[in-house]
Structure formats: C-alpha cells, structure tokens
Amino acid sequence: IEYCYSDEFSDEVLGIKDENDDWNTKGNINRIIHVTKRELMIFAKVFDGNEKWKEARLPLLQDERLLQVLERFVEQNRTLESYMSSLGATEMWHETNAQKDGTIVRKNEFPEKPIELIYSGPNIWVSNPFYKAIRREYNSNNDYDTIDLEAIKENYRPRCGYAPKCDISTYIDRAPVYTDGTKGLSHYRIFMRNMFGLSGERTLISALVPPDVGHVHAVYEIALNDVRQLVLLQGCMSSIVYDFYIKALGKGSGGINVIKNFPMFSYELGKEIVVRTLMLNCLNVDYKELWEKCWDFRFKNDTWAKSDSRLNNNRFYNLEKEWKLENTLRSEYERREALIEIDVLVAKLMGLTLDELITIYKIQFPNMQTYDKETWFDQNGRIVFSQKSYGNIVLSRNEWEKIRDEKEGVFYHKFSDDTLPNGPIERSIEYIAPFEKCNRENDYREIWNAFELRSIDNK
C-alpha cells in the first residue's frame, strides 16, 4: 500500500497473479482507484442500467485503467435489454425435479437425434458446443473427456449425461414456453454455463446450439428472433471483453439479469464476428439451417488477420451458402486464431484501444496467461502439449519432454478415444516438428494493425 503512494511512478500493468502464479501484491500508483459520484454513476449504468449511483454495486477492479473500459460499456447505444420483447430465456430442466417427475433420466449414451441430447455445463466451452463428452462410467464431476474436433463427422453429437425419460411428445409438452408462446426447443439458442468460475481461465462460457437440444439448469439459454443478432451476440460473448464485464461484476451465477446490459451492435458492423462465430460453432449438420439463414456472400472476401502457414486464407474464399463440415474450424490453431480475432473486433466495436484490450488480458485473465505460456502447437496446428488439461488427445508431460526440442520429423501419439460412437477406438495422431508456443499479446498487436489497415483501405 505504501508503494502505491510513493513518488516512484510505474506504468507497469500488474495482473491478479505474478509471473510465478502467486497473488500479486506489488504496489503501483494505478492500484489506487478514486471513486467519486462520477465513478459510482458509471457502475450503476454499466451493471444495473440506471442512474441510482447511491445504490451502485462496486465492481472487482485491480487497476484504475479498467475504469476506462467500463466507460466504453456505458457509451454503447443498445443493450440486450432493448431486445426483451423478442428474447426468450430459461433454465429449462431442474436437474433434481425433472428426474423426480419422470421428464429426464441419467443415461450416458450418444444421442441419435437432437431431441435426445440434454446438455450439462461441461459439455460446452467458449463457442464450442462439442467441448467434452461425459464418460461411459460417471462417478464424479470430472468424468468428462475432451472431444477431438478433427475426428468428428457431420452427424456427431456428444455423449451426454441425461436423456428424455418420458415419451418425446410429453417431453416437448413439458418444455418451457417463452413469453411469445413459442417453445425454447424450437429455436437456435445460446447455451451459457449458469455458474461463473471467477477464478477460472474463462468466466463467461457459452456456445450456440440447434433446435430440440435440451439442458439442465446448470446451463442457461437465450434466444432471439433475429438469428444474425443471436450469432453476433454469441461472438461478442466469446470475447474477453464481455468476459471482463462478468469478472468485474463478481457474481457467481448467471441469468438474464446478469447479461441484460451487454452491448448489442448492428449486423453490418459485426459481420466479420458473425462469420467467425458460425465457423466456430456450426460443427454438425444440425446447424445447417442457421448457417444458411446467416449466409452472406461477403464472407468469401474475408481473410485471416495474421500471416501463418497454419492459416489458409482459402478457408474463407471456399465458404458456400450450403453448410458442410469443411466450412467449420476444427484445428486448435485455427480456432484460437478466430477467437483472438473476435477479441480484437469486439474491442474495436466497443471503442477500446489496443492497450486497453491487452490490459484486460494481463490483469483479469491470469490462468489464460499461464496456459498460453505452456501450450505448444505443431506445424499442422494441433496442440501437442499443454498445462491445461486436454486429456489423452495430447501428450503426457513425460512423452512431451522426449520430443519437445526436435527441430524436424513426424511423431505419432497412439491412444484410446471413447468420445466417439462405437468406441473406444484406438487412434493415432500425427505431430510435425518443430513445436511452437504462441504469444497472445503479440498476436493482438499484429491482428489489430491488420484490421486497422483494412479500415483505411475500405475508406
């Protein structure tokens, strides 16, 4: 505390944790946050959508520069709340009560149809509706395996922990009804984890899902009549900018009252976000209608904003109105790139600066920084090893240590995969050396500058 008030000024950005992954207690003048009526007014507008500054809740902020980020939220013209008349939201099935009344039942099986699929929180990740499959034998909350998206087929649906118990017509009749009289099951929706892990790698975790798919109350759903706006909202929710909002709010659970003040933008301003969000989420044939409803021939003119041999710009040029599996992003490197480009695009829509985007990352996302420092990609864009748990689809630490310094060559990883139907299946993954880490801050700078040049060219 004394160092914060010392004459020695430092403009260093101090994260929640230091380089040793310990809590950062270092002093800095920017740690001092002056809260006056003006700041309280910002808090009230951002988190409650009103001007009752005397009742404003105090956000979790570690640096005065983050106040400028909150101001950008205040400056936006439209929020999700303004779409309430065309919005549907529900927790759907209560995990205990719906089992008691015979609506759902514990069943660890691969569903053949979307109506047989009932999601729990671990099934989804950031713009990834096929993140994990529940294990055949389920004994604890950790009994899920990471799905290798490069191995799935166009009709793939993950093994989940629940299925309808009653007949399908009764199941549909019991499903929640929106205020406009429609069933949530009839819509494409955003599924969002209902519990916010404020100390986790990501706090706001959501993905797009197709009609008929259900969920238990650990997941919250949001639907909009305008599917392009729905996809754009999901893209924004997959950014660290919107995630920062949830971290600053400091609430442990979700719902429409938590996210109703999210800014909303026009499709024309956010079409680059929309195409990347579609490519990240539309991972099986159940998304065919959504893809085609959102299709814009201008998607084909887009390109990656970073130059890398693992990023093929024909990826955009080869897109077509008709959905196909080849349209989607399944390599980890491409998916990482799309999410980082979305971070930049959302930051620019919000009126943030590059420095403010990097400040958000450096302060509020310590676990992401830790994983970034210890995630290695091969020349095909596959993750070879990571400190983050990917299960058996990446090398163990002992296996990794044997090949990490190789400058060339092809290496094979054999394992048993039980996330696919008719499994377990013995599979082999090919890794091509050399292996490289990525630097997110450098990527933000390169991508930001690339989009800046595009803006100048378009003018």
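The coordinates are above.
Now for a quick tour of the structure. Being a predicted model, the structure only gives us computed values, none of them experimental.

Description of the pairing of strand β10 (residues 219–224)
- Counted residue by residue, β10 has six buried out of six residues, so it is predominantly covered.
- Neither face of β10 is left uncovered, since the one carrying Val219, Glu221 and Ala223 and the one carrying Tyr220, Ile222 and Leu224 both have all their residues buried.
- Alignment of strand β7 (residues 189–193) against β10, held across four bridges, turns out to be antiparallel. Its bridge partner being in β10, Phe191 is matched across the sheet by Glu221.

Remarks on the sheet that holds strand β8 (residues 206–209)
- Pairing within the open sheet is antiparallel, and its four strands lie in the order β1-β10-β7-β8. Pairing within the sheet leaves two strands with one partner each, and these edge strands are β1 (87–90) and β8. Across this sheet, the average inter-strand angle for adjacent strands is 25°, counted without regard to direction.

Here we look at the packing of helix α5 (residues 227–237) against helix α8 (residues 267–281)
- Their axes nearest at 8 Å, the elements α5 and α8 cross at an angle of 75°. With respect to α8, the element α5 is oriented roughly perpendicular. Counted together, Arg228, Gln229, Val231, Leu232, Gln234, Gly235 and Cys236 of α5 and Tyr267, Gly270, Ile273, Val274, Thr277, Leu278 and Asn281 of α8 form the full contact between these two elements.
- Residues that form the contact of α5 with α8 fall into these classes: seven nonpolar, six polar and one charged.

Thoughts on α8
- For α8, with 15 residues, the first-to-last C-alpha span of 18 Å runs short of the 21 Å given by 1.5 Å per residue.
- By the largest-angle criterion, Ile273 marks the main kink of α8, which is about 40°.
- With respect to burial, α8 is a largely interior element, twelve of its 15 residues being buried.
- When α8 is considered as a whole, its buried residues turn out to be Tyr267, Gly270, Lys271, Ile273, Val274, Val275, Arg276, Thr277, Leu278, Met279, Leu280 and Asn281.

A few points about the pattern of salt bridges
- Going through the model one piece at a time under the given rule, you end up with 38 salt bridges.
- Taking the shortest distance from any N to any O, the salt bridge between Glu341 and Arg276 comes out at 2.8 Å. Highlighted residues: Glu341 in helix α11 (residues 332–350) and Arg276 in helix α8, separated in sequence by 65 residues. Taken individually, Glu341 and Arg276 each receive the classification buried, so the pair is uniform in this respect.
- When salt bridges with common partners are traced through the structure, they connect Asp148, Glu150, Arg382, Asp417 and Arg427 into a single cluster.

Quick look at unusual backbone geometry
- Of note, the bond from Gly423 into Pro424 is cis; its omega dihedral lies within 30 degrees of zero at 0°.
- You can see Pro424 is positioned in the loop between β13 (410–417) and β14 (425–432).
- Cis geometry is found at the peptide bond from Ala433 to Pro434, where omega equals 5°.
- Tracing the backbone through its elements, the reader meets Pro434 in the loop between β14 and α15 (440–458).
- Even without a glycine there, the phi angle at Ser127 is positive, about 55°.
- Mapping Ser127 onto the fold places it in the loop between β3 (118–119) and β4 (132–134).

Brief notes about the side chain of Ser331
- With respect to the helices and strands, the residue Ser331 is situated in the loop between α10 (314–317) and α11.
- For Ser331, a relative accessible area of 11% translates into the label buried.
- A polar side-chain atom of Ser331 sits 3.1 Å from the main-chain amide nitrogen of Glu334.
- When neighbours within four sequence positions are excluded, Ser331 is seen to be in contact with Glu150 and Gly381.

Details of the packing of aromatic side chains
- Overall, the coordinates contain 21 aromatic pairs when judged by the stated rule.
- Taking the centre distance of 5.4 Å and the plane angle of 45° together, the rings of Phe73 and Tyr245 count as tilted. A residue pair is termed long-range when its members are at least 10 positions apart, and Phe73 in helix α2 (residues 66–74) and Tyr245 in helix α6 (residues 240–249) qualify at 172 residues.
- Residue classification places Phe73 among the buried positions, given a relative accessible area of 7%.
- The structure contains a cluster of three or more aromatic residues connected by ring pairs, namely Phe47, Phe73, Tyr242, Tyr245 and Phe262.
- The ring of Tyr317 carries the charged tip of Lys300 above its face, separated from the ring centre by 5.1 Å.
- When the ring centre of Tyr333 is taken as origin, the NZ or CZ atom of Arg310, which lies over that ring, is 4.1 Å away.

Some details on the nonpolar core
- One finds Tyr242 and Leu290 to be the most contacted residues of the largest nonpolar core, which totals 132 residues.
- Excluding residues that lie within four positions of it along the chain, Leu290 makes contacts with Tyr188, Leu208, Val227, Val231, Leu278 and Cys282.
- Of all hydrophobic cores here, the second largest spans twelve residues; its members include Ile118, Cys166, Tyr171 and Val216.

Observations concerning the environment of Phe316
- Inspection of the secondary structure puts Phe316 in helix α10.
- Distance in space between the C-alpha atoms of Phe316 and Trp304 is 8.3 Å, their sequence separation being twelve residues.

Brief notes about the side chain of Thr359
- Along the chain, Thr359 falls in helix α12 (residues 354–364).
- A distance of 2.8 Å separates the side chain of Thr359 from the backbone oxygen of Asp355, its partner in a polar contact.
- Non-local contacts of Thr359, meaning those with residues more than four positions away in its chain, are made with Val13 and Leu66.

The rules behind each value
Residues numbered from 1 in each chain as written. Predicted model: local features only at pLDDT ≥ 70, side-chain atom pairs only at ≥ 80, totals over all residues. Heavy atoms only, no water. Buried < 20%, exposed > 50% of the residue type's maximum accessible area, 1.4 Å probe, protein only. Helix = DSSP H or I, 4+ residues; strand = E, 2+ residues; numbered from the N terminus. Pairing = 2+ DSSP bridges. Axes fitted to C-alpha atoms, helices over the stretch in contact; angles between N-to-C directions. Parallel < 35°, antiparallel > 145°, perpendicular 65-115°, else oblique. Contact = heavy atoms within 4.5 Å. Nonpolar A, V, L, I, M, F, W, Y, C, P; charged D, E, K, R; others polar. Expected span 1.5 Å × (residues − 1). Bend = angle between axes of the 7 residues up to and from the residue. Salt bridge = Lys/Arg side-chain N within 4 Å of Asp/Glu carboxyl O. Polar contact = N/O pair within 3.5 Å; in protein donor to acceptor, adjacent residues only side chain to side chain. Phe/Tyr/Trp six-rings, centres within 6.5 Å; stacked < 30°, edge-to-face > 60°. Lys NZ or Arg CZ within 6 Å of the ring centre and 35° of its normal. Core = buried A, V, L, I, M, F, W, Y, C linked by side-chain atoms within 4.5 Å.

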